[in-house]
Amino acid sequence: GAVVSQHPSRVICKSGTSVKIECRSLDFQATTMFWYRQFPKQSLMLMATSNEGSKATYEQGVEKDKFLINHASLTLSTLTVTSAHPEDSSFYICSAPDRGTRNTIYFGEGSWLTVV
Amino acid sequence: QKEVEQDPGPLSVPEGAIVSLNCTYSNSAFQYFMWYRQYSRKGPELLMYTYSSGNKEDGRFTAQVDKSSKYISLFIRDSQPSDSATYLCAMRANTGFQKLVFGTGTRLLVSP
């Protein structure tokens, strides 16, 4: 199947700093990517839909200024957690639909963020 | 009522057992159905992708969709300890760039 890569897989940052997570579609182009957050033993919570060349669409309750999303190319979307706090510590996962397979959605490996 | 209902488990079975995982849904517009497997601290991995009603088989895995009952199933034959993971059902109405609607996931434990 198609491959979606996330980087970094784990990151620890200090409270008040910003951290960037990258999501890349390695063997297909993705005009849309999705960003999720997952707490332990819970299902995926959609945060936002990233659109190449335009603004991201955020789900209700997700702070746009807190979670900055940039989809600068057809293979790369980034999520920046700004002024991170310990409550932002979580597992962040991206996904992208592959047009070549009826927009089957493939997920990245996820990024563990720990804010200390 | 949630759009997609899935028993969180855990479901514990011995190695070699046949496992049945299920989801029910309320939106009759859903036509595309997926099952993902997620190991602890990893991203979900696509297992099965089916369209409309019917069965689809891939190795030890069989996906069934019954749209009349709004019920989907994933069967795992000859279960292995390596199958221990959380299984998420997901669905959407069409092939556009709509977001998937997920079940909460069922945690499966296969003991040796």
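The rules behind the values
- Residues numbered from 1 in each chain as written.
- Chains lettered and ligands numbered in written order.
- Predicted model: local features only at pLDDT ≥ 70, side-chain atom pairs only at ≥ 80, totals over all residues.
- Heavy atoms only, no water.
- Helix = DSSP H or I, 4+ residues; strand = E, 2+ residues; numbered from the N terminus.
- Rg over C-alpha atoms; globule rule 2.2 N^0.38 Å.
- Buried < 20%, exposed > 50% of the residue type's maximum accessible area, 1.4 Å probe, protein only.
- Pairing = 2+ DSSP bridges.
- Contact = heavy atoms within 4.5 Å.
- Buried area = accessible area lost by both parts, 1.4 Å probe.
- Salt bridge = Lys/Arg side-chain N within 4 Å of Asp/Glu carboxyl O.
- Core = buried A, V, L, I, M, F, W, Y, C linked by side-chain atoms within 4.5 Å.
- Phe/Tyr/Trp six-rings, centres within 6.5 Å; stacked < 30°, edge-to-face > 60°.
- Lys NZ or Arg CZ within 6 Å of the ring centre and 35° of its normal.

## Thoughts on the overall build of chain A
Thought 1: Of the regular secondary structure elements, chain A holds zero helices and eleven strands.
Thought 2: N-terminal to C-terminal, the α/β element order of chain A is β-β-β-β-β-β-β-β-β-β-β.
Thought 3: Here chain A has a C-alpha radius of gyration of 13 Å; the compact-globule value for 116 residues is 13 Å, and the two agree.
Thought 4: Taken along its principal axes, the extent of the C-alpha atoms in chain A is 40 × 30 × 20 Å.

## Remarks on the pairing of strand β11 (residues 106–111) of chain B
Residues and elements named next belong to chain B.
Thought 1: Along β11, the buried face is formed by Thr106, Leu108 and Val110; none of Arg107, Leu109 and Ser111, which line the opposite face, is buried.
Thought 2: The pairing of strand β9 (residues 85–92) with β11 spans three bridges and is classified as antiparallel. Its bridge partner being in β11, Ala85 is matched across the sheet by Leu108.

## Thoughts on the interface of chain A and chain B
Thought 1: On the side of chain B, 21 residues touch chain A, which itself brings 25 residues to the contact.
Thought 2: At the boundary of chain A with chain B, total buried surface from both sides reaches about 1,800 Å², with 58% on carbon and sulfur atoms.
Thought 3: Of all residues in chain A, Arg102, Ile105 and Phe107 of chain A give up the largest surface area on contact with chain B, accounting jointly for 27% of the area buried on that side.
Thought 4: Seen at the junction of chain A and chain B, the total is zero salt bridges.

## Observations regarding the side chain of Ser95 of chain A
Thought 1: Residue position: Ser95 of chain A is located in strand β9 (residues 90–98).
Thought 2: Not counting residues up to four positions away in its chain, the partners in contact with Ser95 of chain A are Met33, Phe34, Tyr36, Ile105, Tyr106 and Phe107 of chain A.

## Side note on the nonpolar core
Thought 1: Core analysis: the largest hydrophobic core is formed by 26 residues, its most contacted members being Val4, Trp35, Tyr58, Phe67, Ile69, Tyr92 and Leu113 of chain A.
Thought 2: Taken together, the elements giving at least two residues each to this core come down to β2 (10–13), β3 (19–25), β4 (32–38), β5 (45–51), β7 (67–73), β8 (76–81), β9 and β11 (111–115) of chain A.
Thought 3: Not counting residues up to four positions away in its chain, the partners in contact with Val4 of chain A are Cys23, Arg24, Phe28, Cys94, Ala96, Tyr106, Phe107, Gly108 and Glu109 of chain A.
Thought 4: Counting 25 residues, the second-largest nonpolar core is a separate cluster that includes Leu47, Val65, Ala85 and Val101 of chain B.

## Regarding the sheet that holds strand β8 (residues 71–76) of chain B
All names here are of chain B.
Thought 1: Strand order in the open sheet formed by five strands is β1-β3-β8-β7-β6, and the pairing between neighbours is antiparallel. With one partner strand each, in any of the chains shown, β1 (4–5) and β6 (54–58) form the two edges of the open sheet.
Thought 2: Summarising the sheet, strand β7 (residues 61–66) and β8 pair through six bridges and their orientation is antiparallel. Bridging across to β8, Thr62 finds its partner in Phe75.

## Some thoughts on the packing of aromatic side chains
How two aromatic rings sit relative to each other is set out by the distance from centre to centre and by the angle between their planes.
Thought 1: Under the counting rule described, the total for this entry stands at eleven aromatic pairs over all chains.
Thought 2: Arranged with centres 5.6 Å apart and planes meeting at 45 degrees, the rings of Tyr36 of chain A and Phe107 of chain A form a pair that is tilted. Here Tyr36 of chain A, found in strand β4, pairs with Phe107 of chain A, found in strand β10 (residues 104–107); they are 71 residues apart in sequence, far enough to count as distant. Grouping residues by exposure puts Tyr36 of chain A and Phe107 of chain A together as buried.
Thought 3: Both rings, one in Tyr32 of chain B and one in Tyr49 of chain B, keep their centres 6.2 Å apart while their planes meet at 45 degrees; by these two values the pair is tilted. In this pair, Tyr32 of chain B is assigned in strand β4 (residues 32–38) and Tyr49 of chain B in strand β5 (residues 45–51), connecting sequence segments 17 residues apart.
Thought 4: An aromatic cluster is present here, built from Tyr36 and Phe107 of chain A together with Tyr36 and Phe102 of chain B joined pairwise through their rings.
Thought 5: Directly above the aromatic system of Trp112 of chain A lies the positively charged group of Arg41 of chain B, at a separation of 4.8 Å from the ring centroid.

## Regarding the pattern of salt bridges
Thought 1: Summed over all chains, the structure comprises five salt bridges over all chains.
Thought 2: Lys66 of chain A is the partner of Asp88 of chain A in a salt bridge, and the nearest nitrogen-oxygen pair spans 2.7 Å. Residue Asp88 of chain A is located in the loop between β8 and β9, and its partner Lys66 of chain A is located in the loop between β6 (57–58) and β7; the two are separated by 22 residues in the primary sequence.
Thought 3: Residue classification places Lys66 of chain A among the buried residues on the basis of a relative accessible area of 10%.
Thought 4: In this structure, Arg37 of chain B engages Glu45 of chain B in a salt bridge whose closest nitrogen and oxygen atoms are separated by 3.0 Å.
Thought 5: Take Arg37 of chain B: its relative accessible area is 12%, and that puts it in the buried class.

## Some thoughts on the environment of Ala96 of chain A
All names here are of chain A.
Thought 1: Looking at the element boundaries, Ala96 is found in strand β9.
Thought 2: In this structure, the C-alpha to C-alpha distance between Ala96 and Thr82, residues 14 residues apart in sequence, is 23 Å.
Thought 3: Non-local contacts of Ala96, meaning those with residues more than four positions away in its chain, are made with Val4, Phe28, Ala30, Thr32, Met33, Thr104, Ile105 and Tyr106.

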